[in-house]
Amino acid sequence: MLSLKELDKETLYSIIRKGIEIKRNPEHYYHACERRGLLMLFQKTSTRTYLSFQSGMHQMGGYAVPMDWEASNFSISPIRYEVQYASRNCDVIMARLKKHSDLLELAQYSQVPVINGCCDKYHPCQALADLMTIYEVRGTFAGVTLAYVGIHNNVANSLIAGCMTLGVKLLLVTPIVNEASWDEELMQAASRSGWIGHADSLADVASKADFIYTDTWVDMEFFNDPQYEEEKNRRLRTMLPFQLNRRELQGNKPYIMHDMPIHPGFEIEEELIESEQSVIYEQAENRMHVQKSLLLHLLHAVKGEGSYD
């Protein structure tokens, strides 16, 4: 599960609905992954991915082994050799890597399912949690409009893929594109789908969107990097007019979404983070629940049992 493009509508719905069921009745799944192992490979820093996958696997009776990429031999040997060994010691691999190309190689040579825990091109687990949150709040995807205001990045790509699959209207306000994130094939499909639109400002979508989503303007690995300071400042100057704030919302009260970590005063006004319309913490919590569902789906698919229903 490397981008979210792999899942058809029925499967994506099933994983989201199962995530809500697991959230409501976690005790029913205490032994669902008994004696199953998850290898968690980290090349990027993490809070939510680390905590949600490890907690989720343990809560279902399995175990998780976190591994720092740079402290392992993945950093000094070709991926194809290391993953053929590593995948003989676990049932699933979750990898949070810098380059999508490395994830593709990891998946190609792994003997077990590989989950993308975030890379430069996609963040499918985040999009799963986002879509679960929307479904939880509205009870349907029919007639829902989501606006994404920020950098066109990995999160935007997986949202595009998920919204196209489920039939959710997605409006993009993205004045800057992360070059490494651009997926021409995905955007061509988005253009043809009729589900993905574009707008010039937050004000243009404020009255149309049921949910408005924003994300950091500077990737986490560069936020405190002095060599990135010039680009960081350029982005801040360009993006400040696109800040998610009450003035630009013009009295409209859509649900507010952010995938965290948050930089208040930059991509979002601080007052909106914990406002009545914010679902940011629910969105973050749902990472664990929907990832539990994803793990069960993949483990059962490997056994030839189809979805876990």
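Attention in this report is confined to the structure presented alongside it.

Calculation notes
- Residues numbered from 1 in each chain as written.
- Predicted model: local features only at pLDDT ≥ 70, side-chain atom pairs only at ≥ 80, totals over all residues.
- Heavy atoms only, no water.
- Helix = DSSP H or I, 4+ residues; strand = E, 2+ residues; numbered from the N terminus.
- Buried < 20%, exposed > 50% of the residue type's maximum accessible area, 1.4 Å probe, protein only.
- Contact = heavy atoms within 4.5 Å.
- Salt bridge = Lys/Arg side-chain N within 4 Å of Asp/Glu carboxyl O.
- Pairing = 2+ DSSP bridges.
- Right-handed = clockwise from strand over helix to strand, strands pointing away.
- Axes fitted to C-alpha atoms, helices over the stretch in contact; angles between N-to-C directions.
- Parallel < 35°, antiparallel > 145°, perpendicular 65-115°, else oblique.
- Nonpolar A, V, L, I, M, F, W, Y, C, P; charged D, E, K, R; others polar.
- Phe/Tyr/Trp six-rings, centres within 6.5 Å; stacked < 30°, edge-to-face > 60°.
- Left-handed = near helix turned anticlockwise from the far one by under 90°.

Overview of the overall build of the protein chain
Working step 1: For the protein chain, the helix and strand inventory stands at twelve helices and nine strands.
Working step 2: Each of the three principal axes of the protein chain carries a C-alpha extent, and together these read 55 × 45 × 35 Å.
Working step 3: Counting all 309 residues of the protein chain, 56% fall into the buried class.
Working step 4: Residue pairs in contact within the protein chain that sit at least 24 positions apart in sequence constitute 73% of those at least 6 positions apart.

Some points on the pattern of salt bridges
Working step 1: Counted according to the given criterion, the structure contains seven salt bridges.
Working step 2: Residue R234 is joined to E231 by a salt bridge in which the shortest nitrogen-to-oxygen separation is 2.9 Å. Linking R234 with E231, this pair stays in helix α9 (residues 229–239), spanning three residues, or about one helical turn.
Working step 3: Via salt bridges that share partners, E231, R234 and R235 belong to a single interconnected network.

Some remarks on the environment of R24
Working step 1: Mapped onto the elements, R24 comes out in helix α1 (residues 9–24).
Working step 2: Separated by 160 residues in the primary sequence, R24 and E184 place their C-alpha atoms 39 Å from one another.

A closer look at the pairing of strand β3 (residues 92–96)
Working step 1: Of all five residues that make up β3, five are buried, and the element is covered over most of its length.
Working step 2: For strand β1 (residues 37–42) and β3, the ladder comprises five bridges, and the chain directions are parallel. Paired with L38 across the two strands is V92, which belongs to β3.
Working step 3: Judged from the three bridges that link them, β3 and strand β4 (residues 114–116) form a sheet pairing that is parallel. Within the sheet, the bridge partner assigned to M94 lies in β4 and is I115.
Working step 4: For the crossover from β3 across helix α4 (residues 100–109) to β4, the handedness is right-handed.

Observations regarding the packing of α1 against helix α5 (residues 124–138)
Working step 1: Between α1 and α5, whose axes approach to 10 Å, the crossing angle comes to 70 degrees. Relative to α5, the element α1 lies roughly perpendicular. Of the residues in α5, those touching α1 at L12, Y13, I15, I16, R17, G19, I20 and K23 are L128, L131, M132, Y135 and E136.
Working step 2: Residue classes in the contact of α1 with α5 are distributed as nine nonpolar, one polar and three charged.

Let's talk about the packing of aromatic side chains
Working step 1: Tallied over the entire structure, the rule returns seven aromatic pairs.
Working step 2: With 5.1 Å between their ring centres and 25 degrees between their planes, F42 and Y50 make a pair best called stacked.
Working step 3: The class of F42 is buried, set by a relative accessible area of 8%.
Working step 4: Every member of this aromatic cluster is reached through a ring pair, and the members are Y13, Y135 and F141.

Describing the packing of helix α3 (residues 79–86) against α4
Working step 1: Direction vectors running N to C along α3 and α4 enclose 45 degrees, while the axes themselves pass 8 Å from each other. Taken as axis vectors, α3 and α4 run oblique relative to one another. Seen along the crossing, α3 lies across α4 with a hand that is right-handed. Of α4, the residues touching α3 (which contributes I79, R80, V83 and Q84) are D102, E105, L106 and Y109.
Working step 2: Looking at the contact of α3 with α4, its residues break down into four nonpolar, one polar and three charged.

Describing the sheet that holds strand β2 (residues 63–68)
Working step 1: A sheet is described by the order of its strands in space; here four strands give the open sequence β2-β1-β3-β4, paired in parallel fashion. The open sheet has two edge strands, β2 and β4, and neither has a second partner. Direction aside, neighbouring strands of the sheet carry axes that sit 20 degrees apart on average.
Working step 2: With respect to the sheet, helix α12 (residues 280–302) is in contact with β1, β3 and β4, its orientation differing from that of β4 by roughly 150 degrees.

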